[in-house]
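Here is what each chain is made of, one letter per residue.
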Amino acid sequence: MTGFSVFSLVRNALSYHEKWPRQWRSPEPKQEYDVVIIGGGGHGLATAYYLAKNHGITNVAVLEKGWLGGGNTGRNTTIVRSNYLWDESSAIYEHSLKLWEGLSQDLNYNVMFSQRGVMNLAHNLGDVRSSKRRVYANQLNGIDAEWLEPHQVKEFCPIIDISPTARYPVMGATLQRRGGVARHDAVAWGFARAADSRGVDIIQQCEVTGILREGDQVTGVETTRGTIKAKKVGVVVAGHTSQVAQMAGLRLPVESHPLQALVSEPIKPIHPCVVMSNAVHVYVSQSDKGELVIGAGVDAFVGYGQRGSFHIIEGQMGALRELFPIFSRLRMMRSWGGIVDTCPDASALVTKTPVQGLYINAGWGTGGFKATPGSGWTFAHTIAHDEPHPINAPFSLQRFVNGYLVDEHGAAGVAH
């Protein structure tokens, strides 16, 4: 039946991203699968779903050492957009955005995707020029993009300060009206339910401790629940990709960094869209619960701790108060940190590896959540056909050999 069931809607409304996934019934793993996906976050679950739906591969296991969506999928600011500068990046994010637009219907599960619009502010002449360049590039690629003058920024988001005396004067903004936010735990659970209904085994509390090889061919994985044989293995473990790849003898050009965010106490609806600023690096939206969801930049140091430096939060709060004086008396309710994988060129890896049957999906930096359906869709194609789809072909390890880098530092809406 098309649309949402009452049960799905009620369960979404009552969900909580740490309590819920622990209740998932994890089957005992079989001795052998056609495909094993390491990582039960959004990208891993989406990969399993599209393997089953698009390619008819259902003898698939998703292995998660904790609970579903308990990593970066549950530790982000839920922003969805596709207004990237480079052709390669805009292509994969636009494909993802188109999937987002029909995802609730496709999964028969309300992922609470809200296309409220994403604005990227410009505060100086350099910002204005680079932002307009990105608007023109988006339009040439068929992606919706607009340039707003300061008074239009104020019309779209009345609570922002555009006064001439502002510390960070607003000289304009780009706007992608199709962008917005989604509910992170609902995305994980929507993909999990849909993959499960197609016969995929989703196994929690099953940590992978080794990747088995015979020469240059992967043969399976060692786990805390025993050995599992597999013809193909996909690694989708944001924040720990290098560690897992080392189990197969691979060294990847990937670093892991903390990425922090926080929410305010809940208030009545007041913030109508998503606002991002590259120059002062803060971004904010309002959740359905009323909390302001606030994010900042990646911590400069490398680490695996799900926490970061206080000065990052302090800096983003200072910028937020300057842009939105109305927020100055709000209290922070909670903060958190995720771990993001980042390549030197700040673009993703969705690729085969030199080990036959081993595939890597990593390096999304701060762009992972918005890429979830598109990442899973293209990664499933790559695994099923042992060849990348044209959309993800540029995001391979080969680019570090031939020197062609898809560099998104400063090319995207924010510098990542």
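Preceding this paragraph is the structure being described.
Every value quoted in this text rests on a predicted model; they were computed, and no experiment measured them.

Novice: In this structure, what is going on with the environment of Gly-315? I would like to understand it.
Specialist: Locating Gly-315 in the fold gives a position in helix α9 (residues 310-323). For Gly-315, a relative accessible area of 43% gives the class partly exposed. For the pair Gly-315 and Val-282, spaced 33 residues apart in sequence, the C-alpha to C-alpha distance is 8.7 Å.

Novice: How should the packing of helix α3 (residues 87-101) against helix α10 (residues 372-385) be read in this particular structure?
Specialist: Helix-helix packing: each pair is described by the crossing angle between the helix axes and the interaxial distance. Following both chains from N to C, one finds α3 and α10 inclined at 110°, their axes separated by 7 Å at the closest point. Comparing the axis directions of α3 and α10 gives the class roughly perpendicular. Across from Ile-92, His-95, Ser-96, Leu-99 and Trp-100 in α3, the residues of α10 making contact are Thr-372, Pro-373, Gly-374, Trp-377 and Thr-378.

Novice: Just checking my understanding: could you explain the pairing of strand β17 (residues 349-352) for this structure?
Specialist: Here β17 runs beside strand β18 (residues 358-362); their pairing, made up of four bridges, is antiparallel. Considered in β18, the bridge of Thr-351 is made with Ile-360. Counted between consecutive antiparallel strands, the loop separating β17 from β18 contains five residues, among which Gly-357 sits at a positive phi close to 90°.

Novice: Can you walk me through helix α2 (residues 42-55) in this structure?
Specialist: Helical geometry: 3.6 residues make up each α-helical turn, so side chains three or four residues apart lie on a common side. Here α2 is 14 residues long and its end C-alpha atoms lie 19 Å apart, about the 20 Å a rise of 1.5 Å per residue gives. With 11 of 14 residues buried, α2 lies mostly within the body of the structure. Along α2, the residues that are buried comprise Gly-42, His-43, Gly-44, Leu-45, Ala-46, Thr-47, Ala-48, Tyr-49, Tyr-50, Leu-51 and Ala-52. Phi turns positive, to about 70°, at Gly-56, one or two residues after α2.

Novice: Help me out: how do you make sense of the environment of Val-208 in this one?
Specialist: Counting through the fold element by element, Val-208 comes out in strand β9 (residues 208-214). For the pair Val-208 and Leu-252, spaced 44 residues apart in sequence, the C-alpha separation works out to 18 Å. When residues no more than four places from it in sequence are discounted, the contact partners of Val-208 are Ile-38, Leu-63, Val-221, Glu-222, Thr-223 and Met-247.

Novice: What is the right way to read the pattern of salt bridges from this model?
Specialist: If charged atoms from side chains of opposite charge come close, those side chains can pair. Counted by the stated rule, this structure contains 15 salt bridges. Residue Glu-28 pairs with Arg-225 through a salt bridge whose shortest N-O separation is 3.0 Å. A residue pair is termed long-range when its members are at least 10 positions apart, and Glu-28 in the loop between α1 (6-14) and β1 (32-38) and Arg-225 in the loop between β10 (217-223) and β11 (226-235) qualify at 197 residues. The exposed category is assigned to Glu-28, whose relative accessible area is 61%. Salt-bridge contacts for Lys-53 lead to Asp-106; the nearest nitrogen and oxygen are separated by 2.9 Å. Taken as a pair, Lys-53 in helix α2 and Asp-106 in helix α4 (residues 103-107) lie far apart in primary sequence, 53 residues in all. Take Asp-106: its relative accessible area is 29%, and that puts it in the partly exposed class.

Novice: Can you walk me through the nonpolar core in this structure?
Specialist: Grouped burial of nonpolar side chains is what soluble globular proteins tend to show. One finds Trp-100 and Phe-191 to be the most contacted residues of the largest nonpolar core, which totals 49 residues. Broken down by secondary-structure element, the contributors of at least two residues to this core are β1, α2, β2 (60-63), α3, α4, α7 (184-197) and α10. Broken down by element, the residue count for this core peaks at eight residues, all from α7. Among all residues touching Phe-191, those that are not within four sequence positions of it are Gly-42, Leu-45, Ala-46, Tyr-49, Tyr-50, Leu-103, Leu-107, Thr-372 and Pro-373.

Novice: Would you mind showing me how to read the sheet that holds strand β4 (residues 118-122) here?
Specialist: Sheet strands associate in pairs through backbone hydrogen bonding, adopting either a parallel or an antiparallel arrangement. Strands sit in the order β5-β6-β4-β13-β14-β15-β12-β16 across an open sheet of eight strands; the sheet is mixed. Only two strands of the sheet have a single neighbouring strand rather than two, namely β5 (146-148) and β16 (332-342). Going from strand to strand, the sheet's axes swing by 20° on average, the running direction of each strand aside. Of the pairings in the sheet, the one linking β4 to strand β13 (residues 274-277) comprises four bridges and is parallel in character. Bridging across to β13, Met-119 finds its partner in Val-275.

Novice: Before we go on, may I ask you to explain α7 in this structure?
Specialist: Between its terminal C-alpha atoms α7 stretches 20 Å, which fits the 20 Å expected from 14 residues at 1.5 Å a residue. Among the 14 residues of α7, 11 are classified as buried, and the element is accordingly described as predominantly covered. Of the positions making up α7, those classed as buried are His-184, Asp-185, Ala-186, Val-187, Ala-188, Trp-189, Gly-190, Phe-191, Ala-192, Ala-194 and Ala-195.

Rules of the game
Residues numbered from 1 in each chain as written. Predicted model: local features only at pLDDT ≥ 70, side-chain atom pairs only at ≥ 80, totals over all residues. Heavy atoms only, no water. Helix = DSSP H or I, 4+ residues; strand = E, 2+ residues; numbered from the N terminus. Buried < 20%, exposed > 50% of the residue type's maximum accessible area, 1.4 Å probe, protein only. Axes fitted to C-alpha atoms, helices over the stretch in contact; angles between N-to-C directions. Parallel < 35°, antiparallel > 145°, perpendicular 65-115°, else oblique. Contact = heavy atoms within 4.5 Å. Pairing = 2+ DSSP bridges. Expected span 1.5 Å × (residues − 1). Salt bridge = Lys/Arg side-chain N within 4 Å of Asp/Glu carboxyl O. Core = buried A, V, L, I, M, F, W, Y, C linked by side-chain atoms within 4.5 Å.

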